[in-house]
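# Observations on the three-dimensional arrangement
What follows is each chain in one-letter form.
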Amino acid sequence: MPEPVVTSNNPATTIQLVAAGVGVSAVPQTMMHAEERIRRLARVRVESMLQAVPTALVYRASSANHQHLLRLREAMAATMRAA
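So, a few notes on the structure that sits alongside this text. Counting starts from 1 at the beginning of each chain's written sequence and moves along it residue by residue. Residue-level local features of this predicted model are given only where pLDDT is at least 70; pairs of side-chain atoms are given and counted only at 80 or more, and the full residue set underlies all totals for whole chains, interfaces and linings. To obtain the side-chain values, all non-hydrogen atoms of the structure were used and water was disregarded.

## Points about the overall build of the protein
- Per the secondary structure count, the protein includes 3 helices and 0 strands.
- Mapped from its N terminus to its C terminus, the protein presents α and β elements in the order α-α-α.
- The C-alpha atoms of the protein give 17 Å as radius of gyration, which overshoots the globular expectation for 83 residues (12 Å, by more than 25%).
- When a residue's accessible area, from a 1.4 Å probe over protein chains only, is under 20% of the maximum for its type it is buried; when over 50% it is exposed; and in between it is partly exposed. Counting every position in the protein, which comprises 83 residues, the buried fraction comes to 8%.
- Contact criterion: two residues are considered in contact whenever any of their non-hydrogen atoms come within 4.5 Å of each other. For the protein, long-range pairs separated by at least 24 residues make up 12% of all intrachain contacts whose partners lie at least 6 apart in sequence.
- Reported accessibility uses the Shrake-Rupley method at a 1.4 Å probe radius. Residues are deemed covered only where the shown protein chains occlude them. For the protein, the accessible area works out to roughly 7500 Å², and carbon and sulfur atoms hold 56% of it. Only DSSP runs of H or I covering at least 4 residues are called helices, and only runs of E covering at least 2 are called strands; the numbering of each starts at the N terminus. For this measure, only C-alpha atoms enter the radius of gyration; the expected value for a globule follows 2.2 Å times N^0.38, where N is the number of residues.

## Quick word on the side chain of Glu35
- Along the polypeptide, Glu35 turns up in helix α2 (residues 29-37).
- What makes Glu35 buried here is its relative accessible area of 11%.
- Ignoring any residue separated from it by four or fewer positions in sequence, one finds Glu35 in contact with Ile15, Gln16, Ala19, Arg40 and Leu41.

## Quick word on a nonpolar patch on the surface
- A patch consists of residues whose relative accessible area exceeds 30% and which take part in no salt bridge; residues with like charges are grouped when within 9 Å of each other, and nonpolar side chains (Val, Leu, Ile, Met, Phe, Trp, Tyr) when within 5 Å. By definition, a salt bridge exists where a carboxyl oxygen of Asp or Glu is found within 4 Å of a side-chain nitrogen of Lys or Arg. Together, Val5, Val6 and Val22 make up an exposed nonpolar region whose accessible area comes to about 300 Å².
- The residue Val22 is located in the loop between α1 (11-19) and α2 in this model.

Function cannot be inferred from these measures alone, as they are strictly geometric.
This is the structure we're talking about:
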């Protein structure tokens, strides 16, 4: 797998970068429909597993101890440990 030259965490931005000819990317299928209709992008189906991508959980410091956020953080940590 080639090393990324440009990275984006926003699927809409990623699609615009690809449409501008910056490279290729994996994006949600639903995000591609408009660009496919006007033929700015082409879908390439692949069989291989994608590599892990950086994931961030952003929240207000004042919410750090909220019960739902704590449960989400625990679930994410368990998922990362299992990977």
